[in-house]
Amino acid sequence: MSGAHSFEPTLDHTRALRDAFGCFGTGVTIVCAQTPDGPVGMTANSFSAISLDPPLVLWAPSSSSKRHAAFVAAQHFCVHILAAEQLKMAKHFASNGTDFDTFDWHEGPFGAPTLKGCLTEFHCDTDAIHPAGDHSLILGRVRHVVHDTSGGNGLLFDQGRFGQFTPAVMPD
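Residues numbered from 1 in each chain as written. Predicted model: local features only at pLDDT ≥ 70, side-chain atom pairs only at ≥ 80, totals over all residues. Heavy atoms only, no water.

1. So, the packing of aromatic side chains
The relative placement of two aromatic rings is captured by the distance of their centres and the angle of their planes. For clarity, the cut-off: Aromatic contacts are taken between Phe, Tyr and Trp rings whose centres are within 6.5 Å, Trp giving its six-membered ring; a plane angle under 30 degrees counts as stacked, one over 60 as edge-to-face, and the others as tilted.
All told, the structure shown has 7 aromatic pairs when counted by the stated rule. Feature note: the residues Phe93, Phe100, Phe103 and Trp105 constitute an aromatic cluster, connected by ring pairs.

Below, the structure is given as structure tokens:
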């Protein structure tokens, strides 16, 4: 492989490891919760569906995030799967998690802030929280789903870039 780089992961290789992890393209989500001080949101690509029975999802906020404590304390949260057109929203909540004034939102069925126009909303109860290195794994039990079936493309993140999926043309 041209340009291949091999290393044993250590703190000295944090950037190289981050770049290697970034080769796994992911969808982009915003996770929101209600706190005593108001709504909080965070852009995250550390989201995964875990189980259909019971319905479980997982996401992993960084322990060093200013918003980490709010999400670990939350009894309920909402994961929003972003549409390709929602790049502005993704960038906003990546840096500012308490300013909801720019976007249309309402309180969801279990109290978590719910952003309008997303492809899917998973309204969850916090089921378990596990420390995992420099992150926490937050497992959510899905209690309510809103899914836009219009077929819009999702916003994706790959190697530090945002974009959307283009299906491959398969030869006959």
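2. Looking at the sheet that holds strand 2 (residues 29–35)
Just so we agree on the cut-off: At least two bridges found by DSSP between two strands are what make those strands a pair. Counting from the N terminus, the helices are DSSP H or I runs at least four residues long and the strands are E runs at least two residues long. To get an axis, a line is fitted to the C-alpha atoms, and for a helix only the part in contact is used. The angle between two axes follows their N-to-C directions and goes from 0 to 180 degrees. The contact definition used throughout considers only heavy atoms, calling two residues in contact when any of these lie within 4.5 Å.
If you walk across this open sheet you meet the 7 strands as 3-2-6-9-10-5-4, and the pairing is antiparallel. In the strand order of this sheet, the two ends are held by strand 3 (38–44) and strand 4 (48–52), each with one partner. On average, adjacent strands in this sheet sit at an angle of 30° to one another, irrespective of strand direction. In this sheet, strand 3 lies alongside strand 2 in antiparallel orientation, the contact comprising 7 bridges. By the bridge assignment, Ala33 is partnered in strand 3 with Val40. In the packing of helix 3 (residues 87–95) onto the sheet, the strands contacted are strand 2 and strand 3, and the crossing angle to strand 3 comes to about 110°.

3. Describing helix 3
Filter applied, for reference: Relative accessibility under 20% of the residue-type maximum defines a buried residue, over 50% an exposed one, and the middle range a partly exposed one, all with a 1.4 Å probe and only protein chains included. In this description, one arc is meant: the one made by directions from the helix axis to the C-beta atoms.
Looking only at helix 3, the buried set comprises Met89, Ala90, His92 and Phe93. Seen end-on, helix 3 carries its buried residues on one side only, within an arc spanning 165°. Exposed positions of helix 3 whose direction lies more than 90 degrees from the buried face are Lys88, Lys91 and Ser95. Check the buried side of helix 3 and you find it contacts strand 2, strand 3, strand 8 (113–115) and strand 12 (161–163).

4. Side note on the pattern of salt bridges
To be explicit about the condition: Only one rule defines a salt bridge in this text: a Lys or Arg side-chain nitrogen within 4 Å of an Asp or Glu carboxyl oxygen.
In the structure shown here, the tally under the stated rule is 2 salt bridges. Across the pair Asp125 and Arg143 runs a salt bridge, and its minimum N-O distance is 3.1 Å. Of the two residues, Asp125 is situated in strand 9 (residues 120–132) and Arg143 in strand 10 (residues 135–147); the sequence distance between them amounts to 18 residues. In this structure, Arg141 engages Asp127 in a salt bridge whose closest nitrogen and oxygen atoms are separated by 3.4 Å.

5. A closer look at the pairing of strand 2
A large share of strand 2 lies buried, amounting to 6 of its 7 residues. Counted along the chain from strand 2 to the antiparallel partner strand 3, the turn is 2 residues long. Here strand 2 pairs with strand 6 (residues 76–81) via 4 bridges, running antiparallel. Within strand 6, the residue paired with Val31 across the bridge is Val79.

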